[in-house]
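Structural overview
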There are 2 protein chains.
Amino acid sequence: MTINRQILLVSRPKGEATLDNFHLAAPELPELGDGQVLVRNFYLSLDPYMRGRMNDTKSYAPPQPLDAVMVGATVGEVIESRHPDWQPGDAVTAMFGWQEYGISDGTNLRRVDAVRVPMSVYLGAAGMPGVTAWYGLNKIIAPKAGQTVAVSAASGAVGSVVGQLAKRMGCRVVGIAGGPQKCAYVTETLGFDACVDYKAGNLYEALRAAAPDGIDGYFENVGGAVFDAVLGNINAHSRIALCGMIAGYDGQPAPLKYPALLLTNRVKLEGFIVTEHLDIWPQALTELTDAIAAGELHYRETMTQGLESAPAAFLGLLKGENFGKQIVRLV
Amino acid sequence: MTINRQILLVSRPKGEATLDNFHLAAPELPELGDGQVLVRNFYLSLDPYMRGRMNDTKSYAPPQPLDAVMVGATVGEVIESRHPDWQPGDAVTAMFGWQEYGISDGTNLRRVDAVRVPMSVYLGAAGMPGVTAWYGLNKIIAPKAGQTVAVSAASGAVGSVVGQLAKRMGCRVVGIAGGPQKCAYVTETLGFDACVDYKAGNLYEALRAAAPDGIDGYFENVGGAVFDAVLGNINAHSRIALCGMIAGYDGQPAPLKYPALLLTNRVKLEGFIVTEHLDIWPQALTELTDAIAAGELHYRETMTQGLESAPAAFLGLLKGENFGKQIVRLV
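Basis of the calculations
- Residues numbered from 1 in each chain as written.
- Chains lettered and ligands numbered in written order.
- Predicted model: local features only at pLDDT ≥ 70, side-chain atom pairs only at ≥ 80, totals over all residues.
- Heavy atoms only, no water.
- Pairing = 2+ DSSP bridges.
- Helix = DSSP H or I, 4+ residues; strand = E, 2+ residues; numbered from the N terminus.
- Axes fitted to C-alpha atoms, helices over the stretch in contact; angles between N-to-C directions.
- Contact = heavy atoms within 4.5 Å.
- Least-squares fit on C-alpha atoms with pLDDT ≥ 70 in both.
- Salt bridge = Lys/Arg side-chain N within 4 Å of Asp/Glu carboxyl O.
- Buried area = accessible area lost by both parts, 1.4 Å probe.
- Polar contact = N/O pair within 3.5 Å; in protein donor to acceptor, adjacent residues only side chain to side chain.
- Buried < 20%, exposed > 50% of the residue type's maximum accessible area, 1.4 Å probe, protein only.
- Domains from an automatic or database assignment.
- Nonpolar A, V, L, I, M, F, W, Y, C, P; charged D, E, K, R; others polar.
- Parallel < 35°, antiparallel > 145°, perpendicular 65-115°, else oblique.
- Left-handed = near helix turned anticlockwise from the far one by under 90°.
- Core = buried A, V, L, I, M, F, W, Y, C linked by side-chain atoms within 4.5 Å.
- Phe/Tyr/Trp six-rings, centres within 6.5 Å; stacked < 30°, edge-to-face > 60°.
- Lys NZ or Arg CZ within 6 Å of the ring centre and 35° of its normal.
- Arc of directions from axis to C-beta.
- Expected span 1.5 Å × (residues − 1).

Under the annotation held in an unreviewed UniProt entry, chain A carries the name NADP-dependent oxidoreductase and is attributed to Pandoraea iniqua.

What follows is the structure in structure tokens.
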């Protein structure tokens, strides 16, 4: 018998999420039924959106049920198949959640080419985070060459792709990240024109110096004080893609101090969830995977080892302790 | 010699605007030059945007200069002309500001039909406020029949047109206004489906009752607590036309408490200034004037008498003391 270790959500956070909210279970894997596929998950993705699912509040997706396996994207290998379309050895992405194995009838499995691009990258730049960056930049911000694009959480899975794609479009790109190490990575490795350290204070003035012509497009991943500082530097007729507001995910609302700036600058702001725009995924994934395979799109991963490391790694992600895409290696 | 009384801005408000910020001057009218037109202003428009101009801060328009005539729209009659295109007796709108006469070389004068629609209405429903309503509703909110549209300052010059146009599009329309008298006007005369009195407390719950299916489109004129309450009732994929934020015009910022709701509901929000969309004015003015002339679009005016009444009337407008379009009669 095979044991399938899983992380369950067993209580909802009151304020900050804690390790107590999670529980490691170790049930046996059931027998594979007819038409089913068994996948060994190699990597689990940890993403900020998961924090929202832990709350029992109205949002774009139903809350994560209690005592069930935490939601999440995985990539792994088919190890047994009773389905004609899938063979052992197939590399696949899925949404099996925080567990070591997954069983599927084939729906929601996607075959990936693990030779061209490393498997784990399908959870980052060649997966949902990359497509998120692509959508917000191309479909909401739509910058012209020469315009200035800013992005928060710039060294992260989404932000790093936003900035690199904007550079390819001929923009001046300003990142916002936490700490000198992340900022150095953003300018030196990712090739952004400037990076502002939000932990260094004087965020407004630092942004003003980094974006002397003002900000024409902003990709928002964090909210709170960062959003305020960007809005103070925003240009007339700018566009804001609202992708994440991690600053408020622990339940303390992160107010926007001067919403009137949205009016005086005639800003177009749009909140979006990339899974509602499935029509653009094929094009986005092709472009991203091509660029990664060609070595033209950099990414960075923070990897922890073993399913049991997932809760602590996730709490660290919410505090910005990761550096690049946060992944749990399960094998 | 003719005296042309004028109201000048002589100091900038520190916080709330006061009567001291204004000064009544009484210079003589200069002789009319070749190619010039002299207009006697019959009505002066008072609008919330003027408060923004009184500040010396970056905005979409340069600040109102000190010791100059306050900016503003006027409607009146040509009384002398040395310009071949304009004859005494022509009814015209212009931006002559807070004064009894205006001199122009013909640019920025627009002829109006004072028989079909009363002259003062060209400052309201058949003028800039009406076009503002038309643009935000048609070009940003773009509601479908059956959807719920909410509008703040619902009895005002802009809000009253927004709601009536939305009713003509088959929407459920919810107004927000200050006090039972305004609310009664909004539902009984303007024909909105419901009106919520923001002064009565429990704004969030009252909106929930008035919009049981949630709000699909919101036309924002006020900001502050009203905006917060609406956002709490906003539906997924709703649109917000950001037209005014009078709650913050006196310099105290009116923060937005839960901006994350823009993300979780995938809201499209757009700030706009109607004078940047001149292409739609002819269509909008034709539709509005036709509906007014046909008696299908109601409007209400608060009129004070004499140029000297303008500063106090304007301060009252900022506090919501007017009821409908605020106008100063100059003759």
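**Section: the sheet that holds strand β9 (residues 148-152) of chain B**
Spatially, twelve strands are ordered β11(A)-β10(A)-β9(A)-β12(A)-β13(A)-β14(A)-β14(B)-β13(B)-β12(B)-β9(B)-β10(B)-β11(B) in an open sheet, and the strand pairing comes out mixed. In this open sheet, the two strands that pair with only one neighbour each are β11 (194-197) of chain A together with β11 (194-197) of chain B. On average, adjacent strands in this sheet sit at an angle of 15° to one another, irrespective of strand direction. With respect to the sheet, helix α4 (residues 180-189) of chain A is in contact with β10 (172-177) and β11 of chain A, its orientation differing from that of β11 of chain A by roughly 170°.

**Some remarks on the relation of the copies chain B and chain A**
Taken together, a rotation about one axis and a shift along it account for how the two chain copies relate. You can overlay chain B on chain A at an RMSD of 0.0 Å; the transform is a turn of 180° with a shift of 0.0 Å along its axis. What the superposition gives is, in effect, a two-fold axis relating one chain to the other. Looking at chain B, 100% of its interface residues are interface residues in chain A too, so the copies touch through the same face.

**Brief notes about the pattern of salt bridges**
If you walk through the whole model with that rule in mind, you get 20 salt bridges over all chains. One salt-bridge network, held together by shared partners, links R5, E100 and E308 of chain A.

**Things to note about the interface of chain B and chain A**
Between chain B and chain A, the residue contacts involve 31 residues of the former and 31 residues of the latter. Approximately 2500 Å² of surface area, both sides summed, lies buried where chain B meets chain A, with 64% of it carried by carbon and sulfur atoms. Summed over the shared surface of chain B and chain A, the result is two salt bridges. The shortest N-O distance in the salt bridge between R266 of chain A and E276 of chain B comes to 2.3 Å. Counting the contacts that link chain B with chain A gives eight residue pairs in polar contact (both at pLDDT 80 or more).

**Thoughts on the pairing of strand β3 (residues 37-45) of chain B**
Residue and element names in this part refer to chain B. Burial analysis of β3 places eight of its nine residues in the buried class, which makes it a mostly covered element. Here four bridges tie β3 to strand β7 (residues 101-104), and the two strands are oriented antiparallel to one another. Along β7, the bridge assignment pairs V39 with G102. With three bridges connecting them, β3 and strand β16 (residues 325-329) associate as antiparallel partners. Paired with Y43 across the two strands is R329, which belongs to β16.

**Here's the deal with the domain arrangement of chain A**
All names here are of chain A. One can read the domain layout of chain A as domain 1 (6-124 + 300-329) and domain 2 (128-275). Taken over C-alpha atoms, the centre of domain 1 sits 28 Å from the centre of domain 2. Taken residue by residue, the interface counts 19 residues in domain 1 and 13 residues in domain 2. The junction of domain 1 with domain 2 conceals about 1400 Å² of combined surface from both sides, 61% of it contributed by carbon and sulfur atoms. Taken together, domain 1 and domain 2 are joined by zero salt bridges. Linking domain 1 with domain 2 are three residue pairs in polar contact (both at pLDDT 80 or more). Of all the elements in the fold, those that place two or more residues in the side of domain 1 that touches domain 2 are α1 (49-54) and α9 (310-318). A class-by-class count of the residues in the side of domain 1 that touches domain 2 yields eight nonpolar, six polar and five charged.

**Brief notes about the packing of helix α2 (residues 128-141) of chain A against helix α3 (residues 159-168) of chain A**
Residues and elements named next belong to chain A. One way to put it is that α2 packs onto α3 with a least axis distance of 8 Å and a crossing angle of 50°. For the element pair α2 / α3, the angle class is oblique. The interaxial crossing formed by α2 with α3 has right-handed handedness. Contacts between α2 and α3 pair G130, A133, W134 and L137 from the former with V161, V162, L165 and A166 from the latter. Residue composition of the contact of α2 with α3, by class: seven nonpolar, one polar and no charged.

**Quick notes on the nonpolar core**
The biggest cluster of nonpolar side chains holds 75 residues, and the ones touching the most others in it are Y218 of chain A together with W98, Y218 and F314 of chain B. Looking at this core element by element, the count peaks at six residues for helix α9 (residues 310-318) of chain B.

**Considerations on the packing of aromatic side chains**
Tallied over the full model, the rule gives 14 aromatic pairs over all chains. Ring centres of Y218 of chain B and F227 of chain B lie 6.1 Å apart, and the angle between their planes is 40°; this geometry places the pair in the tilted category. Taken together through their ring pairs, the aromatic side chains of F22, W98 and F314 of chain A make up a single cluster. Directly above the ring of Y101 of chain A sits R40 of chain A, whose terminal nitrogen or CZ lies 4.8 Å from the centroid. Above the face of the F323 of chain B ring, R300 of chain B is positioned so that its terminal group lies 3.7 Å from the ring centre.

**Re helix α4 (residues 180-189) of chain B**
Residues and elements named next belong to chain B. Where α4 is concerned, the buried positions are K182, C183, Y185 and V186. Each buried residue of α4 sits inside an arc of 160° when the element is viewed along its axis, so together they form one side. Within α4, the exposed residues directed more than 90 degrees away from the buried face are P180, Q181 and E188. Along its buried surface, α4 packs onto β10 (172-177) and β11. Positioned one or two residues after α4, G191 has a phi angle of 85°, which is positive.

**Focus on the sheet that holds strand β4 (residues 68-69) of chain A**
Spatial ordering of the open sheet is given by β2-β1-β4 (chain A), a layout of three strands whose pairing is antiparallel. The open sheet is flanked by β2 (22-25) and β4 of chain A, the only strands paired with a single partner.

**Side note on helix α8 (residues 281-293) of chain A**
All names here are of chain A. Between its terminal C-alpha atoms α8 stretches 18 Å, which fits the 18 Å expected from 13 residues at 1.5 Å a residue. Taken as a whole, α8 has its buried residues at W281, A284, L285, L288, T289, A291 and I292. Within α8, the buried residues cover an arc of 160° as seen down the axis, which keeps them to one side. Residues of α8 that are buried in the fold lie against β8 (110-111), α2 and α3. Directly beyond the C-terminal end of α8, a positive phi value near 75° is found at G295.

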